[in-house]
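Each chain, written out:
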Amino acid sequence: MRIAMLASEAAPYVKTGGLGDVMQALPAELAKLPGNELALFLPYYKRVKENPNVAVDYVGSFHMELAWRDCYVGIMKLRTGSDGLNVYFIDNNDYFGNRWTVYGDFDDGERFAYFCKAAMAAMYFLDFKPDILHCHDWQSAMGVVYCRALYNQWCPYVKTVFTIHNVEYQGWAESSFFDNTLGLPEEYRGRMTFDGAINMMKGAIVTADIVTTVSKTYANELRYPYYAHRLDGVLREAWVWGITNGIDTNVFNPETDPALAHHYSADNMFGKWENKKELRGELGLRTDTDAPILAMVTRLAGHKGIDLLCYIARRLLEHEVQLVIVGTGEKQYEYALSALARDYPGKVSVNLRFDPALASRVYAGSDIYLMPSKSEPCGLSQLIAMHYGTVPVVASTGGLRDTVPPYNHENEEGRGFTFQSYNADDFFGAIDRAIGLYFGNRDKWNRLAQNDMRCDVSWRLPAQEYQRLYQEVRAK
């Protein structure tokens, strides 16, 4: 199949979160399957343009209308593409090339509407007629709509797939955005309108041949108002398919990770204990203790469960534990956690920064990974933690429910410790059960960590599921 993918970010070129990891691994894994040809389209941000490690070739350029605007479109192609996968960057200085930002500008709606229309125009320029057009999150949602509205005669047999990575961000705009920016045929106004405004995600949901999301449980949760951020009615009418994400095990691999001083595997865990010693020294934690290190590498936001952690933190620190936090976010949580670190020197380390190398050392050197999210479409951190032999404690929601079945003391099945309701006491109870196993039966604890490391959390199986989905939607 010829598969075109649109996304606003992909590691290693640009990454702000989990979407970047997904778009690094999924296209590459699909390209490995026999007969597939992949083209990934990304914006040519300033941070990509000025990165000396990203070598590109100029392919061509043209001008394109975006409503009343005449817009330049440049096409750059990654010079070192892999077999079956070509990466293209859409170049426009006004929208991307002169800005360091990825998201958060006042004209984000216009920027990403331009990107989607330009990517479709670039496919036409390249004569790349896809069998599957796969667009990710609201920033590329208009790719689905422009494909149907403007390019249906050019590629009438293309099937469109839209993936929701996080339904909270939908691409809202005023109703005038339809005429002033989108420039779509009038019959598409109803598809794009929701509650009197323009909603780009809604437009993609009702236009796409199939909608997917990043875990099976999250696909079901999106039918309910609590999770769907007002789109539950729209999603109940759609065919929503849940495929749980994987991680790139070439990037996240304790046997080869360059950030680690000591490599290790499920068959030989000695390096993990050495990494734990070095992490304590690096972060100023006490070394005269056998305490488990509890860790979070996360955005400090309410829906990530930071409020639960702050509520129980002082009670938790009465136990023989150490706590490591890496991340940035809402100021109230940065202040609260920083105060905790000041009050518990040698026991708490709070690192308010984005630091991938430190994150790897934390995954490798910790014993327990905390992920008490209020909602979590899939989550990658728990998968990375398990692959590094760090046992997760998670809320039973979304992809966390799918990837972390609760541990059973009797038959030693399960992957971690879970709690059902979004409640601080329940979260504390799950941590307490994990600590109890750590101190109470170290052999069982080590076997749990080893079993987690042996789980296949790669993209191999999810990519095969996407392949079957593409084949099924093509057959309809």
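For clarity, every value in this text was computed on a predicted model and none was experimentally measured. (Residues numbered from 1 in each chain as written. Predicted model: local features only at pLDDT ≥ 70, side-chain atom pairs only at ≥ 80, totals over all residues. Heavy atoms only, no water.)

1. Observations regarding the packing of aromatic side chains
Given two aromatic rings, one states the distance between the centres and the angle between the planes to describe the pair. Applying the stated criterion across every chain yields a total of 25 aromatic pairs. For the pair Tyr44 and Phe89, a centre-to-centre distance of 5.5 Å together with 40 degrees between the ring planes defines the contact as tilted. Here the residue Tyr44 occupies a position in the loop between strand S2 (37–43) and helix H2 (46–49), and Phe89 occupies one in strand S5 (residues 85–91), the gap between them amounting to 45 residues. Each member of the pair, Tyr44 together with Phe89, is buried. Between Tyr124 and Tyr151 the ring centres are 6.3 Å apart and the planes differ by 55 degrees, which places this aromatic pair in the tilted class. Taken together, the positions of Tyr124 in helix H4 (residues 108–126) and Tyr151 in the loop between helix H5 (141–150) and strand S7 (159–164) put the pair 27 residues apart, joining distant regions of the chain. Against the face of Phe428 rests Arg315, its NZ or CZ located 4.3 Å from the ring centre. Here the basic side chain of Arg442 rests over the ring of Tyr438, its NZ or CZ set 3.9 Å away from the ring centre. (Phe/Tyr/Trp six-rings, centres within 6.5 Å; stacked < 30°, edge-to-face > 60°. Helix = DSSP H or I, 4+ residues; strand = E, 2+ residues; numbered from the N terminus. Buried < 20%, exposed > 50% of the residue type's maximum accessible area, 1.4 Å probe, protein only. Lys NZ or Arg CZ within 6 Å of the ring centre and 35° of its normal.)

2. So, the nonpolar core
If you look at the biggest cluster of nonpolar residues, it comprises 102 residues, and the most contacted ones within it are Phe41, Phe89, Tyr114, Phe162 and Leu182. Sorting elements by how many residues they give to this core places H4 first, with eleven residues. For Phe41, the residues in contact, after removing those within four places along its chain, are Ala4, Met5, Leu6, Ala7, Tyr88, Ile90, Phe115, Ala119, Ala122, Met123 and Leu126. Ala266, Val297, Val324 and Val391 belong to the second largest nonpolar core, which has 72 residues in total. (Core = buried A, V, L, I, M, F, W, Y, C linked by side-chain atoms within 4.5 Å. Contact = heavy atoms within 4.5 Å.)

3. Focus: the layout of surface pockets
Any space left empty among the atoms is revealed by the rolling of a water-sized probe across them. Considering only enclosed or pocket space, the second largest pocket measures out at about 340 Å³ in volume. Lining the second largest pocket are 25 residues, with Gln24, Ala25, Ala28, Leu85 and Asp248 positioned closest to its centre. For the lining of the second largest pocket, the elements supplying multiple residues, two or more each, are helix H1 (18–32) and S5. When residues in the lining of the second largest pocket are grouped by element, the largest group, seven residues, is from H1. A per-class count over the lining of the second largest pocket returns 14 nonpolar, seven polar and four charged. (1 Å grid on protein atoms, 1.4 Å probe; cavity = no way out; pocket = protein on both sides within 12 Å on 5 of 7 lines; lining within 4 Å. Points joined across faces, edges and corners; volume = space filled by probe spheres on them. Nonpolar A, V, L, I, M, F, W, Y, C, P; charged D, E, K, R; others polar.)

4. Observations concerning the packing of helix H12 (residues 270–283) against helix H15 (residues 356–365)
Running from N to C, H12 and H15 point in directions that differ by 125 degrees, and their axes come no closer than 8 Å. The angle between the axes of H12 and H15 places the two elements in the oblique class. At the point where H12 passes H15, the crossing takes the left-handed sense. Residues Lys272, Asn275, Lys276, Leu279, Glu282 and Leu283 of H12 touch H15, and the partners they reach there are Leu358, Arg361, Val362, Tyr363, Ala364 and Gly365. Split by residue class, the contact of H12 with H15 holds six nonpolar, two polar and four charged. (Axes fitted to C-alpha atoms, helices over the stretch in contact; angles between N-to-C directions. Parallel < 35°, antiparallel > 145°, perpendicular 65-115°, else oblique. Left-handed = near helix turned anticlockwise from the far one by under 90°.)

5. A closer look at the environment of Glu255
Turning to its location among the elements, Glu255 is positioned in the loop between strand S12 (240–242) and H12. Contact partners of Glu255, with chain neighbours within four places excluded, come to His263, Tyr264 and Ser265.

6. Details of the pattern of salt bridges
Inspection of the entire model under this criterion finds 30 salt bridges. A salt bridge links Arg69 to Glu110; the shortest N-O distance between them is 3.3 Å. Of the two residues, Arg69 sits in strand S4 (residues 69–78) while Glu110 sits in helix H4, which places them 41 residues apart along the sequence. Glu110 carries the same exposure label as Arg69, and that label is buried. Between Arg442 and Asp290 there is a salt bridge, with the nearest N and O atoms lying 2.8 Å from each other. Residue Arg442 is located in helix H19 (residues 442–454), and its partner Asp290 is located in the loop between H12 and strand S13 (293–297); the two are separated by 152 residues in the primary sequence. Salt bridges sharing common partners tie together Arg99, Asp105, Asp107, Asp108 and Arg111. (Salt bridge = Lys/Arg side-chain N within 4 Å of Asp/Glu carboxyl O.)

7. Re the sheet that holds S7
The nine strands lie next to each other as S3-S4-S5-S2-S1-S6-S7-S11-S12, forming an open sheet whose pairing is mixed. Of all the strands in the sheet, just strand S3 (56–66) and S12 have a single pairing partner and so form its edges. Strand-to-strand, the axes of this sheet are offset by a mean angle of 25 degrees, without reference to chain direction. Strand direction decides the pairing type here: strand S1 (residues 2–6) and strand S6 (residues 132–136), joined by four bridges, are parallel. Across the sheet, residue Leu6 finds its bridge partner in S6, namely Cys135. Sheet strands touched by helix H20 (residues 460–475): S1, S6, S7, strand S11 (210–213) and S12. Its angle to S6, the strand with the most contacts, is close to 125 degrees. (Pairing = 2+ DSSP bridges.)

8. Quick notes on the side chain of Ser373
One can find Ser373 in the loop between strand S16 (368–371) and helix H16 (381–387). Relative accessible area serves as the criterion here: at 1%, Ser373 is assigned to the buried category. Reaching out from Ser373, the side chain makes a polar contact with the side chain of Glu376 at a distance of 2.6 Å. (Polar contact = N/O pair within 3.5 Å; in protein donor to acceptor, adjacent residues only side chain to side chain.)

9. Thoughts on unusual backbone geometry
The phi angle of most residues is negative, glycine excepted, and most peptide bonds adopt the trans form. Residues Ala11 and Pro12 are joined by a peptide bond in cis, for which omega reads 5 degrees. Here Pro12 is to be found in the loop between S1 and H1. Phi at Asp137 takes a positive value of approximately 60 degrees, unusual for a residue other than glycine. A relative accessible area of 9% places Asp137 in the buried class. The backbone of His229 sits at a positive phi, close to 50 degrees, despite the residue not being glycine. Along the chain, His229 falls in the loop between helix H10 (225–228) and helix H11 (232–236). We classify His229 as partly exposed; its relative accessible area is 35%.

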